[in-house]
Each structure stands twice: as structure tokens, then as C-alpha cells.
Amino acid sequence: MNYKIALIRGDGIGPEVVDEAVKVMLAVGEKFGHSFTFEDVLMGGCAIDAVGKSYPEGTAEKCRACDAVLLGAVGGPKWGHSSEADKRPETALLSIRRDLGLYANLRPAALRPALAEACPLKKETAERGIDLMIVRELTGGIYFGRRERYQTQDRGEEAADRMAYSQMEIERIGRRAFELARLRRGKLASVDKANVLETSRLWRSVMHRLAEEYADVQYEDVLVDNAAMQLVRDPGQFDVVVTENMFGDILSDEASMITGSIGLLPSASIGDQAPGLYEPIHGSAPDIAGQDKANPIATILSVAMMFRYSFRLAGEAQAIEGAVDAVLTEGWRTADLARPGEAAVGTARMGELIREKI
Ligand code: IPM
Ligand code: MG
């Protein structure tokens with residue numbers, strides 16, 4: 001089978017980590033008998049430099065013509081926070097999520113056995129294991145509500161961001177989360193702020209209706225402040241965690257750090273139709289760009305998610321994940337994972353080591 005993949009290399013370390021992930025994909029293809037056609041898609045800060053806007057016309061169409069999208073990272077201080085939306089790299093990210101209908105963002109955070117010592121939590125906590133999946137709603141809420149700025153009579157300028165959720169949006173992300181919980185350890189925590197927010201009270205009522213339907217899943221409500229605390233106190237209690245867009249943004253960075261490094265964690269953004277979009281959860285790290293220092297593992301594991309969720313090729317996904325674990329078990333580390341005084345390998349070498357195991 002031939003798969004067509006859109007590559008959004010993006011900014012900063014994006015191009016170098018995508019290159020390693022592409023080579024891993026080719027190695028998997030050779031082993032399992034798949035071929036790939038790659039289509040480069042320009043998006044982010046590099047697109048601002050090249051054509052004057054971060055999300056050039058035709059970006060979504062180009063991606064839609066592919067079976068899946070692999071994205072490195074977009075953004076960087078070079079492009080600041082321009083007041084013109086199409087001069088901000090982040091606008092492109094939000095636009096592609098919206099245009100491809102990618103409402104479900106899956107962010108797994110697992111402590112890999114070889115890296116238990118990299119976990120910043122207490123030893124007893126790390127020993128209990130961490131293996132959770134954050135399911136973040138990605139196309140609604142405050143990220144996509146109306147934004148305003150206006151003058152008030154007596155309080156100077158004021159700004160407002162609207163947060164809205166419909167039953168439909170909550171139900172479809174809820175179903176995804178319950179289905180995933182069934183495939184994992186059968187537990188789901190829904191995170192909200194129902195003691196304050198109306199959107200959360202609607203969220204909770206929809207989740208409760210679904211919980212009756214998915215009676216085999218062990219369901220609980222967790223308030224977001226408590227969830228942030230539980231993630232560092234006892235993360236082993238969580239299996240699948242479902243939450244709205246902004247809470248998911250924040251909690252997924254927290255979850256990534258307790259597994260040792262943000263350089264390890266992949267993500268998948270999916271909707272009801274192909275293509276899904278796969279990307280590391282880290283950013284563009286401009287401070288180390290182009291120096292062969294970045295950790296390519298998060299992007300390589302994003303390719304594993306692509307095989308699993310877009311192509312339904314679980315064996316291929318496991319081959320990649322197994323290769324990553326094998327390389328880490330042998331003690332190979334990129335700079336972000338190395339302890340003081342420990343030798344580190346570069347981006348390209350880490351990619352090569354993983355391919356050798358495949
Ligand atoms: C993420 C990022 C983005 C987000 C930014 C870059 C717009 O932090 O994917 O988590 O907030 O969604
Ligand atoms: Mg984020």
C-alpha cells in the first residue's frame with residue numbers, strides 16, 4: 001500500500017526532527033512492505049518569510065489530498081505576537097485544526113521504564129508507573145470564541161475572549177474518550193471547572209449521560225485545579241483524561257514533564273475524516289535549532305501514532321515504539337535526557353539508532 005503524507009516541517013527544530021521521523025517511516029515501510037509519497041506543505045513562520053502569511057491559501061486542500069499529516073513545530077520569537085493574525089505562526093496551527101476538523105487531540109504521557117530516573121517526582125510515585133492519555137478537545141472553547149478589545153468609561157481598555165461549547169462538541173469528544181478508555185484500562189476522568197463555569201456544567205451533564213451508556217467504563221469528575229495537583233501527587237491513578245481545549249493545553253504540558261522530558265511525547269489530532277495530523281507536543285525550540293541537539297523521539301513516536309490511528313497498522317506502530325524503548329534501555333540519551341556529565345548523542349544519531357533497531 002502507498003500512503004501519501006503531507007509534511008509540515010515548520011520552524012526551529014521542526015525540519016530536523018521531521019527528517020528523522022521520515023527516515024524512520026521509510027525503514028518501517030521497507031520492513032513491512034509499504035511505500036510513501038511525501039508532499040511538502042509550507043506553514044508557520046517560514047511561510048510568513050516566504051509568502052507573507054503563516055497559513056497560505058490552499059494549505060488545508062493540500063493536506064486533505066493526503067492520508068495523514070506530519071508536523072514538526074511552528075513559531076518562534078522571530079515572529080513575535082503580531083497584531084495581524086496572518087502574521088502569527090500560531091494562527092496557522094489553529095486554522096489547520098479547524099479546517100481539517102481535528103477536534104480530538106490525543107496526548108499520551110507514559111513514563112518509559114528506561115527513563116524512570118528522569119521522572120522529577122518522588123521515587124515511590126515513579127515506581128507506581130505513569131501511563132495516561134489526555135484527550136483534549138481541540139476545535140472549540142476559548143481558543144475559537146470571539147475576541148474583543150474596547151475602551152471602557154473608567155477602567156481603560158478592556159479585552160474579552162468568549163468560551164462556548166455546544167452539546168454536539170462535548171458529546172463527540174466524550175465518545176472518543178470513552179471508546180479509548182475501553183481499549184485501555186477502562187478508566188475515564190473528565191476534567192472541568194463545574195463549580196464556576198457554565199460551559200463546564202453543560203460539559204459535565206453530557207459526560208454523565210455518556211457514562212450511563214458506557215457503564216463498563218469507570219468514570220469520575222475531577223475539577224481542573226485538583227487535576228493539576230493530582231498529576232504531580234499520584235499520576236498513576238489516571239488512565240484516560242478528557243477535557244476542554246485550554247485545560248487540555250495546560251495539563252498536557254504538566255503531564256509531559258512528569259515523564260522526564262517534553263522531547264519524548266507525541267500527539268495525534270483526529271476528526272471524523274482523514275487526514276489526521278501528528279506532531280510532537282514540544283515547540284520549535286529556536287535556541288537549539290540547526291545544531292543537531294533536538295530530541296527526535298517525540299516526532300518519531302508521532303509517526304507510530306499515525307500508523308496506529310490513521311492506517312490501523314498496530315504492528316508497525318509497536319515496531320517503532322519497541323525500537324525507541326530498546327535504544328533508551330541501552331542508555332542512549334539526547335541532551336534533554338542526559339544527566340549532568342552523561343554523554344549525549346545528536347538528533348541524527350538518535351534517529352539512526354532507532355532505525356537500526358527497526
Ligand atoms: C499546543 C500549543 C498550541 C496550543 C499553541 C502553539 C497555539 O501550545 O499545541 O499545545 O495552545 O494549542
Ligand atoms: Mg500547549
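Note that this is a predicted model, so its numbers are computed, not measured.

(A) Just the packing of helix 10 (residues 297-310) against helix 11 (residues 314-329), in detail. Running from N to C, helix 10 and helix 11 cross one another at 160°; their axes reach a closest spacing of 7 Å. The orientation of helix 10 relative to helix 11 falls into the category roughly antiparallel. As for how helix 10 packs across helix 11, the hand of that crossing is left-handed. Contacts between helix 10 and helix 11 pair Ile297, Ile300, Leu301, Val303, Ala304, Phe307 and Arg308 from the former with Ala314, Glu316, Ala317, Gln318, Ile320, Glu321, Val324 and Leu328 from the latter. Residues that form the contact of helix 10 with helix 11 fall into these classes: eleven nonpolar, one polar and three charged.

(B) Region of interest: the packing of aromatic side chains. All chains considered together, the criterion is met by eight aromatic pairs. Measuring from ring centre to ring centre gives 6.1 Å for phenylalanine 36 and phenylalanine 307, while their planes differ by 75°; the resulting arrangement is edge-to-face. One end of the pair, phenylalanine 36, is in strand 2 (residues 35-40); the other, phenylalanine 307, is in helix 10, with 271 residues separating them in the sequence. Of the two residues, phenylalanine 36 and phenylalanine 307, both sit in the buried class. Through a chain of ring-to-ring contacts, the aromatic side chains of Tyr3, Phe36, Phe38, Phe307 and Phe311 assemble into a single cluster. Across the ring face of tyrosine 143, the terminal group of arginine 136 is positioned such that the distance to the ring centre comes to 5.2 Å. The ring centre of tryptophan 332 lies 5.5 Å from the NZ or CZ of arginine 349, which sits over that ring.

(C) The layout of surface pockets, seen in detail. Of the pockets and cavities examined, the largest pocket occupies roughly 880 Å³. What lines the largest pocket is a set of 29 residues, and nearest its centre among them are Glu90, Leu93, Leu94, Arg97 and Tyr143. Every element with two or more residues in the lining of the largest pocket is listed here: strand 3 (68-73), helix 4 (89-99), helix 9 (245-258) and strand 12 (276-280). Residue contributions to the lining of the largest pocket peak at seven residues, all from helix 4. When its residues are assigned to classes, the lining of the largest pocket shows 13 nonpolar, six polar and ten charged. Roughly 500 Å³ of volume is contained in the second largest pocket. Lining the second largest pocket are 19 residues, and of these Pro108, Asp131, Arg184, Arg308 and Glu321 lie nearest its centre.

(D) Up close: the sheet that holds strand 9 (residues 218-223). Reading across the sheet, the ten strands line up as 2-1-3-12-11-4-5-10-8-9 and stay open at both edges, with mixed pairing between neighbours. Each of the sheet's edge strands pairs with one partner strand only, and the pair in question is strand 2 and strand 9. Across the sheet, the mean angle from the axis of one strand to that of its neighbour is 25°, orientation sign disregarded. Bridge count between strand 3 and strand 12: three bridges; the pairing is parallel. Directly across from leucine 70, in strand 12, lies its bridge partner tyrosine 278.

(E) Summary view of empty space enclosed by the protein. Going through the model one piece at a time under the given rule, you end up with three cavities of 30 Å³ or more. By volume, the largest cavity is sized at about 40 Å³. Every residue along the wall of the largest cavity is listed here: Leu132, Ile134, Val191, Ala227, Leu231, Phe238, Val241 and Leu251. Elements represented by at least two residues in the lining of the largest cavity include exactly strand 5 (131-137) and helix 8 (224-233). Counted by class, the lining of the largest cavity contains eight nonpolar, no polar and no charged residues. Roughly 40 Å³ of volume is contained in the second largest cavity. Along its surface, the second largest cavity is lined by Met163, Tyr165, Asp192, Thr199, Ser200, Trp203 and Glu244. By residue number, the principal contributor to the lining of the second largest cavity is helix 7 (residues 198-213), which donates three residues. For the lining of the second largest cavity, a count of residues per class yields three nonpolar, two polar and two charged.

(F) Just the pattern of salt bridges, in detail. Within this structure, the stated rule accounts for 38 salt bridges. Salt-bridge contacts for glutamate 158 lead to arginine 155; the nearest nitrogen and oxygen are separated by 2.4 Å. The partly exposed category is assigned to glutamate 158, whose relative accessible area is 25%. Judged by relative accessible area, which is 56%, arginine 155 ranks as exposed. Linked through salt bridges whose partners overlap, the residues forming this network are Asp131, Arg184, Arg185 and Asp239.

Quick notes on the rules
- Residues numbered from 1 in each chain as written.
- Chains lettered and ligands numbered in written order.
- Predicted model: local features only at pLDDT ≥ 70, side-chain atom pairs only at ≥ 80, totals over all residues.
- Heavy atoms only, no water.
- Axes fitted to C-alpha atoms, helices over the stretch in contact; angles between N-to-C directions.
- Helix = DSSP H or I, 4+ residues; strand = E, 2+ residues; numbered from the N terminus.
- Parallel < 35°, antiparallel > 145°, perpendicular 65-115°, else oblique.
- Left-handed = near helix turned anticlockwise from the far one by under 90°.
- Contact = heavy atoms within 4.5 Å.
- Nonpolar A, V, L, I, M, F, W, Y, C, P; charged D, E, K, R; others polar.
- Phe/Tyr/Trp six-rings, centres within 6.5 Å; stacked < 30°, edge-to-face > 60°.
- Buried < 20%, exposed > 50% of the residue type's maximum accessible area, 1.4 Å probe, protein only.
- Lys NZ or Arg CZ within 6 Å of the ring centre and 35° of its normal.
- 1 Å grid on protein atoms, 1.4 Å probe; cavity = no way out; pocket = protein on both sides within 12 Å on 5 of 7 lines; lining within 4 Å.
- Points joined across faces, edges and corners; volume = space filled by probe spheres on them.
- Pairing = 2+ DSSP bridges.
- Salt bridge = Lys/Arg side-chain N within 4 Å of Asp/Glu carboxyl O.

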